[in-house]
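The residues making up each chain are set out below.
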Amino acid sequence: MSAPSDTVSAGSARTTRLVIYTLLLVLAAIYLLPLYVMLTTSFKSLAEIRGGDMLALPRDPSLDSWFKAWGEACIGVTCEGIKGYFWNSIKMVVPAVLISTVLGALNGYVLTKWRFPGHKLVFGLMLFACFIPFQAVLIPMARVLGIFGMANTTSGLVFVHVVYGLGFTTLFFRNYYEAFPDELIKAAMMDGAGFFKIFWRILLPSSGPIIVVTVIYQFTNIWNDFLFGVSFSSGAESPMTVALNNLVSSSTGVKEYNVDMAAAVFAALPTLFVYIVAGRYFVRGLMAGAVKG
Amino acid sequence: MSFLEIKNLSKKIGNNEVLKNINIELEKGGFLVLVGPSGCGKSTLLNAVAGLMPLTSGEIIVDGQVINDLHPSKRDIAMVFQSYALYPNMTVEENIGFALEMRGVEKAERAEAIRNVAKVLQIEHLLDRRPSQLSGGQRQRVAMGRALVRQPRVFLFDEPLSNLDAKLRVEMRAEIKSLHHNTDATIIYVTHDQIEAMTLATKIVVLKEGAIQQVGTPAEIYNRPANLFVADFMGSPAMNMLKGKIVSTSGVRQISIFDGSAVVAIPSSVTTDLVEGREVILGLRPEGITDSGLVDPTADAIARIDADVVLVEPTGSDTFVTARLQGTTFTARVRADVTIAPKERFTFVFNLDKAVVFDPTSGERLL
């Protein structure tokens, strides 16, 4: 293993390293620049923003625009800020993520451990659901929601997101359980555990990493979704993303960039939170699998 | 009456018949070893008994009860898997107690049963650990504990020692044997290792391509193999198969081997009348061909044959010698202190009391 050090001197290795790190730092700065502008702008007053120096730090930082965005900003004709819509999104995303994850896990369990004739076809069709563009299903879905009496309701949005998340969650769990030893299922069967007991006691406790992956994926997708939100809800039932759009586009005279920016940060907070909290378990889960056990 | 009975069992997967009309009987407390090369259907048969795989036809009877259609958990059969199949998220204690928990056994009673089993297997100090914190041998013990704690009617072992290193395998083999003695359990054990089969079994079933080749005690299988396959599969180094022909010298029928360079008596294991000129295969295990110092003094029929030594393999306790005569090679087992070197001419003693004779076309042993 000493061959590389014979041909590359310590000095040139250090230079390479320096170049790499400089490049990475510059790229990271460019990547983070929009976030920086958003945050600084949200703390500035309107007068300062009009001054034109976008990259300057706020001279007199204040939380006014944050409070306004949360509780007073006008969206459409009501001026109660984005807080109602924020809760709408929470009420939509939590059940949608939970239901689609649980169903995905069950699907994966059945498709790998309780195979039935035609299981490949069923999985193929579920996989196909991942490739259907959302735009293609808007009108049929609106019709279905109308028939079910769920048009313009949060539960309607939950339903839509569960249906469209299932393909992905099933794929995740199926591939994870595919590698799960069949002998464990056989052993549990002989020990007298039934279908759900095996799932609950043997499979789920070993599914930590894939649950985290699925939850992160589903949470980000559903929280950030705009198309379904704008198509299947309106007014006070809208989720956060739609409200943010309405806030930015409905101007009453002056364009309040600081309020818009604060609202945008609010909209981004939950996904950030999920990444920071769950991301750690995600990495830990990957590491646990990497070490021979 | 036999305790476990498998009757006319067949299993088809697609058009492929993986088990062909299997008939086995085992008495209570018996130790049945299913042995055969990989892909012979031995694990399939075990899974069928466990109820993890449906049968195409036939019956499995335990203690007078047909269990074909019973769910695996209702058969009162426990299985030790090749991979041990320990539940990774549970401690050793929870692993062992899981079956009892599923059967609704009271917590106190459960703890008592787990303690007893742990004591027998000497894993009391491991009860709080998780499977990932155990060594291979310890996992093996836990897997056995999980089966033992249920006190089932039949134990199934699916190649339980194949994941252990050589030394541990011998240790665990002895332990399984003493466990069988102490508990009087009825066991079906699958292995491809013929030494495991010989040492553990009270009854061996040799399988090949889904069909039973021979059923018998270890001694029967070893000394009187039913056909060429069994003879070749059991025993290491393998049995010598020497082409021979029946000749008649002064009215006495004998077998001429090594292209006529040696003539030996017909072994006593054959009672059929062999006509002159008939082709046969003479089977003789390496320990039946020795140096003159190792000859069994009680042997009735022996033959001394000179051959060229090709290869010498000392194992410490004895030495295996490969020799050649008239283009046919054979393996002999000689004492470790005999000085012998390749290219030498050496006099081997063939003990024909230990020999068996096969029909070269059917491969069956001639009785």
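Residues numbered from 1 in each chain as written. Chains lettered and ligands numbered in written order. Predicted model: local features only at pLDDT ≥ 70, side-chain atom pairs only at ≥ 80, totals over all residues.

What about the overall build of chain A?
Along chain A, the regular secondary structure elements total 14 helices and 0 strands. When the helices and strands of chain A are read in sequence order from the N terminus, they spell out α-α-α-α-α-α-α-α-α-α-α-α-α-α. Here the C-alpha atoms of chain A give a radius of gyration of 25 Å, more than 25% beyond the 19 Å that 2.2 N^0.38 yields for 293 residues. Dimensions of chain A, computed from C-alpha atoms along their principal axes, come out at roughly 75 × 75 × 30 Å. Buried positions account for 32% of the 293 residues belonging to chain A. (Helix = DSSP H or I, 4+ residues; strand = E, 2+ residues; numbered from the N terminus. Rg over C-alpha atoms; globule rule 2.2 N^0.38 Å. Buried ≥ 20, exposed ≤ 12 C-beta atoms within 10 Å, placed from the backbone.)

As for the overall build of chain B
Of regular secondary structure, chain B possesses 8 helices and 20 strands. Referenced to the eigenvectors of the C-alpha coordinate spread, the extents of chain B come out at roughly 80 × 45 × 35 Å. Sorting the 367 residues of chain B into buried and exposed places 41% on the buried side. Across chain B, the fraction of contacts at a sequence separation of at least 24, relative to all contacts at a separation of at least 6, is 66%. (Contact = placed C-beta atoms within 7 Å.)

Examining the UniProt feature "domain: ABC transporter" (unreviewed entry) in chain B
Cross-referencing UniProt, the feature "domain: ABC transporter" (unreviewed entry) maps to residues 4-234 of chain B in the present numbering. Between the end C-alpha atoms of residues 4-234 of chain B the distance is 25 Å, and the span holds 37% helix and 26% strand. (UniProt positions renumbered as here; feature names shortened; annotations may be inferred.)

Section: the sheet that holds strand S11 (residues 240-249) of chain B
All names here are of chain B. Reading across from one edge, S13-S12-S11-S14-S20 is the order of the 5 strands in this open sheet, with antiparallel pairing throughout. What marks the edges here is a single partner per strand, and that holds for strand S13 (262-265) and strand S20 (356-358). Strand after strand, the sheet turns through a mean of 45 degrees between neighbouring axes, direction not considered. Sheet topology note: the strand S14 (residues 279-284)/S20 ladder contains 3 bridges and is antiparallel. If you follow Ile 281 over to S20, its bridge partner there is Phe 358. (Pairing = 2+ DSSP bridges. Axes fitted to C-alpha atoms, helices over the stretch in contact; angles between N-to-C directions.)

Things to note about the nonpolar core
In this structure, Leu 32, Val 33, Leu 34 and Leu 156 of chain B are the most contacted members of the largest nonpolar core, which totals 123 residues. Ranked by residue count, the leading element in this core is helix H9 (residues 182-190) of chain A, at 6 residues. Apart from residues no more than four positions distant in its own chain, Leu 34 of chain B is found in contact with Lys 42, Leu 45, Leu 46, Ile 188, Val 190, Val 205 and Leu 207 of chain B. Within the second largest apolar cluster, 17 residues are counted, among which are Tyr 85, Met 240, Val 259 and Ala 262 of chain A. (Core = buried A, V, L, I, M, F, W, Y, C linked by C-beta atoms within 7 Å.)

Remarks on the confidence of the model for chain A
The predicted model of chain A averages 85 in pLDDT, with 92% of residues at 70 or higher. Here residues 289-293 of chain A is a poorly scored stretch, pLDDT under 50, and it has 2 contacts once near neighbours within four places are set aside; other chains count. (pLDDT = per-residue confidence, 0-100.)

Quick notes on the sheet that holds strand S10 (residues 211-216) of chain B
All names here are of chain B. Read from one edge to the other, the open sheet built from 6 strands follows the order S6-S7-S8-S3-S9-S10, with strand pairing classed as mixed. Lying at the two open borders of the sheet, with one neighbouring strand each, are strand S6 (77-80) and S10. The mean inter-strand angle of the sheet, taken between neighbouring strand axes irrespective of direction, is 20 degrees. By the bridge criterion, 4 bridges tie S6 to strand S7 (residues 154-158) in an arrangement that is parallel. Across the sheet, residue Ile 77 finds its bridge partner in S7, namely Val 154. On the sheet, helix H4 (residues 136-148) packs against S6 and S7 and is oriented at approximately 175 degrees with respect to S6.

Observations concerning the interface of chain B and chain A
Listed as interface residues are 17 residues of chain B and, on the opposing side, 15 residues of chain A. Counting residues per element, the side of chain B that touches chain A draws most heavily on helix H2 (residues 92-102) of chain B, at 3 residues. When the residues that make up the side of chain B that touches chain A are grouped by side-chain class, the tally is 12 nonpolar, 4 polar and 1 charged. (Nonpolar A, V, L, I, M, F, W, Y, C, P; charged D, E, K, R; others polar.)

A short note on the domain arrangement of chain B
Residue and element names in this part refer to chain B. Looking at the assigned domains, one finds that chain B contains domain 1 (4-233) and domain 2 (240-358). A straight line from the C-alpha centre of domain 1 to that of domain 2 covers 39 Å. Taken residue by residue, the interface counts 5 residues in domain 1 and 6 residues in domain 2. Partitioned by chemical class, the residues of the side of domain 1 that touches domain 2 number 3 nonpolar, 1 polar and 1 charged. (Domains from an automatic or database assignment.)

Some thoughts on helix H2 (residues 10-43) of chain A
Its 34 residues give H2 of chain A an end-to-end C-alpha distance of 47 Å, which sits within 8% of 50 Å, the value for a rise of 1.5 Å per residue. Buried residues of H2 of chain A: Thr 40, Thr 41, Ser 42 and Phe 43 of chain A, and no others. (Expected span 1.5 Å × (residues − 1).)

Concerning the pairing of strand S3 (residues 31-35) of chain B
Residue and element names in this part refer to chain B. Judged by how many residues are buried, S3 sits mostly within the fold: 5 of 5 residues are covered. Burial along S3 is two-sided: the face carrying Phe 31, Val 33 and Val 35 and the face carrying Leu 32 and Leu 34 are both buried. Taken together, the 5 bridges between S3 and strand S8 (residues 186-191) define a ladder with parallel strand orientation. For Leu 34, the partnering residue across the bridge sits in S8 and is Val 190. Pairing of S3 with strand S9 (residues 203-208) involves 4 bridges; the strand directions are parallel. Across the sheet, Leu 34 pairs through a bridge with Val 205, a residue of S9.

Brief notes about the domain arrangement of chain A
Residue and element names in this part refer to chain A. When the domains of chain A are assigned, the result is domain 1 (3-62) and domain 2 (83-290). With centres defined by C-alpha atoms, the gap from domain 1 to domain 2 works out at 34 Å. Of the residues lining the interface, 7 residues belong to domain 1; the matching set on domain 2 comes to 8 residues. Contributions of two or more residues to the side of domain 1 that touches domain 2 are made by H2 and helix H3 (46-50). Classifying every residue of the side of domain 1 that touches domain 2 gives 4 nonpolar, 2 polar and 1 charged.

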